[in-house]
Amino acid sequence: MAEGFSVLYGAKAAVREVTMSVAAGKVTAIIGPSGCGKSTLLRAINRMNDLIPRCRVEGRLALEGVDLYGPNVDVVSLRRRVGMVFQKANPFPKSIFDNVAYGPRIHGLNHRRELAETVERSLVRAGLWEEVKDRLDKSALGLSGGQQQRLCIARALAVDPEILLMDEPASALDPRSTARIEDLIDELRGDYTIVIVTHNMQQASRVSDDTAFLYEGALIEFGPTRQLFTNPRAKQTEDYITGRFG
């Protein structure tokens, strides 16, 4: 839940007084032209913007009623609850097994059998197990681009997050790999709350339950995806989704 939430870099507001509520177990898409604040808003949810000098927030961003920017929030625990998948697949230069096991190990899981079960379960959920089960000890860098992205999703799922953030997860992939990612999002729906940033409006309409349209850092419209794409309330939204700008 965002209430009057802003993200500022120095004096410049990248996100301006956004108020919206993301439904648990649903897929929420964030759309808008380049530079409108989509990724900044997404990264605020697991406080990745904390790493940017002179970045600060105003307003409230809460998870289950707890202000994520409150003084007592443990950022490490937060990032376990809120997983992240980036635009470009970023597997570690390790084996496929060690990529998925990395997070659980960081959080104290070292028993080999439990690790193996966690790795298998995560790869199954990411739709990758059948393709890699016989080469778990091989380098993750030898996988195709689409496989690497699904591996990164498996790595995020391995620590049992509640929320999965996806920052244009298919923008660097071919159409077939993109379809696999979209199918995967549909399969994960309900078990995880998913927030996806995408520049592809057709993708947003296919995969999401709700859609937020941002323009110049401001939330122009937010609502059910079907309604927003077929009968938008705001003229700016209609102009954007019909290609008049953006």
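Every value quoted in this text rests on a predicted model; they were computed, and no experiment measured them. (Residues numbered from 1 in each chain as written. Predicted model: local features only at pLDDT ≥ 70, side-chain atom pairs only at ≥ 80, totals over all residues. Heavy atoms only, no water.)

A. Highlighting the packing of helix H6 (residues 145-157) against helix H7 (residues 175-188). The N-to-C vectors of H6 and H7 enclose an angle of 20°; their axes lie 9 Å apart at closest approach. In terms of axis orientation, H6 runs roughly parallel to H7. Taken as a pair, H6 and H7 cross one another with a handedness that is right-handed. Residue-level contacts link Gly-146, Gln-149, Arg-150, Ile-153 and Leu-157 of H6 to Ser-177, Arg-180, Ile-181, Leu-184 and Leu-188 of H7. For the contact of H6 with H7, the per-class residue count stands at 5 nonpolar, 3 polar and 2 charged. (Axes fitted to C-alpha atoms, helices over the stretch in contact; angles between N-to-C directions. Helix = DSSP H or I, 4+ residues; strand = E, 2+ residues; numbered from the N terminus. Parallel < 35°, antiparallel > 145°, perpendicular 65-115°, else oblique. Left-handed = near helix turned anticlockwise from the far one by under 90°. Contact = heavy atoms within 4.5 Å. Nonpolar A, V, L, I, M, F, W, Y, C, P; charged D, E, K, R; others polar.)

B. The sheet that holds strand S1 (residues 2-9), seen in detail. A sheet is described by the order of its strands in space; here 4 strands give the open sequence S2-S1-S4-S5, paired in antiparallel fashion. The open sheet is flanked by strand S2 (12-20) and strand S5 (66-67), the only strands paired with a single partner. Relative to S2, S1 runs antiparallel, the two being bridged by 5 bridges. Among the inter-strand pairings, Tyr-9 is bridged to a residue of S2, identified as Lys-12. (Pairing = 2+ DSSP bridges.)

C. Fine view of unusual backbone geometry. Here the phi dihedral of Arg-54 falls at roughly 65°; this positive angle occurs in a residue that is not glycine. Look at Glu-64: it is not a glycine, yet its phi comes out positive at around 50°. Summarising the element assignment, Glu-64 is placed in the loop between strand S4 (55-63) and S5. The exposure class assigned to Glu-64 is exposed, which follows from its relative accessible area of 65%. (Buried < 20%, exposed > 50% of the residue type's maximum accessible area, 1.4 Å probe, protein only.)

D. Spotlight on the pattern of salt bridges. Counted by the stated rule, this structure contains 15 salt bridges. In this structure, the salt-bridge partner of Glu-130 is Lys-133, at a minimum N-O distance of 2.9 Å. Here Arg-206 and Glu-182 are joined by a salt bridge, their closest N and O atoms 2.7 Å apart. Placement of Arg-206 in helix H8 (residues 201-207) and of Glu-182 in helix H7 is noted, with a sequence separation of 24 residues between them. On the accessibility criterion, Glu-182 (12% relative accessible area) is buried. (Salt bridge = Lys/Arg side-chain N within 4 Å of Asp/Glu carboxyl O.)

E. Fine view of helix H3 (residues 96-106). Regarding H3, the residues found buried are Ile-96, Phe-97, Asn-99, Val-100, Ala-101, Gly-103 and Pro-104. If you follow the buried residues of H3, they end up packed against helix H4 (112-125), helix H5 (129-132) and H6. Gly-108 lies just past H3 and shows a positive phi near 100°.

F. Layout of the environment of Val-7. Relative to the elements of secondary structure, Val-7 occurs in strand S1. Separated by 86 residues in sequence, Val-7 and Pro-93 have C-alpha atoms that sit 33 Å apart. With near-sequence residues (within four places) excluded, Val-7 lies in contact with Lys-12, Ala-13, Ala-14, Val-15, Thr-40, Ala-44, Asn-49, Cys-55, Arg-56 and Val-57.

G. Representation of the packing of aromatic side chains in the model. As enumerated under the stated definition, the model contains 3 aromatic pairs in all. Here the aromatic rings of Phe-5 and Tyr-69 are separated by 5.9 Å at their centres, their planes lie at 40°, and the arrangement is tilted. In this pair, Phe-5 is assigned in strand S1 and Tyr-69 in the loop between S5 and helix H2 (75-81), connecting sequence segments 64 residues apart. For Arg-112, the ring lying beneath its charged end belongs to Phe-97, and the centroid distance is 4.5 Å. The cationic tip of Arg-155 hangs over the ring face of Phe-92; the distance from NZ or CZ to the ring centre is 4.1 Å. (Phe/Tyr/Trp six-rings, centres within 6.5 Å; stacked < 30°, edge-to-face > 60°. Lys NZ or Arg CZ within 6 Å of the ring centre and 35° of its normal.)

H. A look at the state of the cysteines. Applying the stated criterion across every chain yields a total of 0 disulfides. No disulfide involves Cys-55; its nearest neighbouring cysteine sulfur is the one of Cys-36, lying 16 Å away. (Disulfide = S-S within 2.5 Å.)

I. Fine view of the pairing of strand S6 (residues 82-85). Burial along S6 is two-sided: Val-82 and Met-84 facing one way and Gly-83 and Val-85 facing the other are all buried. The pairing of S6 with strand S7 (residues 163-167) spans 4 bridges and is classified as parallel. Following the sheet pairing, Gly-83 is matched in S7 by Leu-164.

J. The sheet that holds S6, seen in detail. Strands sit in the order S6-S7-S8-S3-S9-S10 across an open sheet of 6 strands; the sheet is mixed. The sheet is open, and its two borders are formed by S6 and strand S10 (218-224), each paired with just one other strand. The average angle at which neighbouring strand axes cross in this sheet is 15°, direction not considered. Packed onto the sheet, H6 meets S6 and S7 and runs at close to 170° relative to S6. In this fold H7 packs onto strand S3 (27-31), S7 and strand S8 (193-197), with an angle of close to 150° to the strand it touches most, S8.

Remember that the coordinates give geometry; whether it matters functionally is a separate question.
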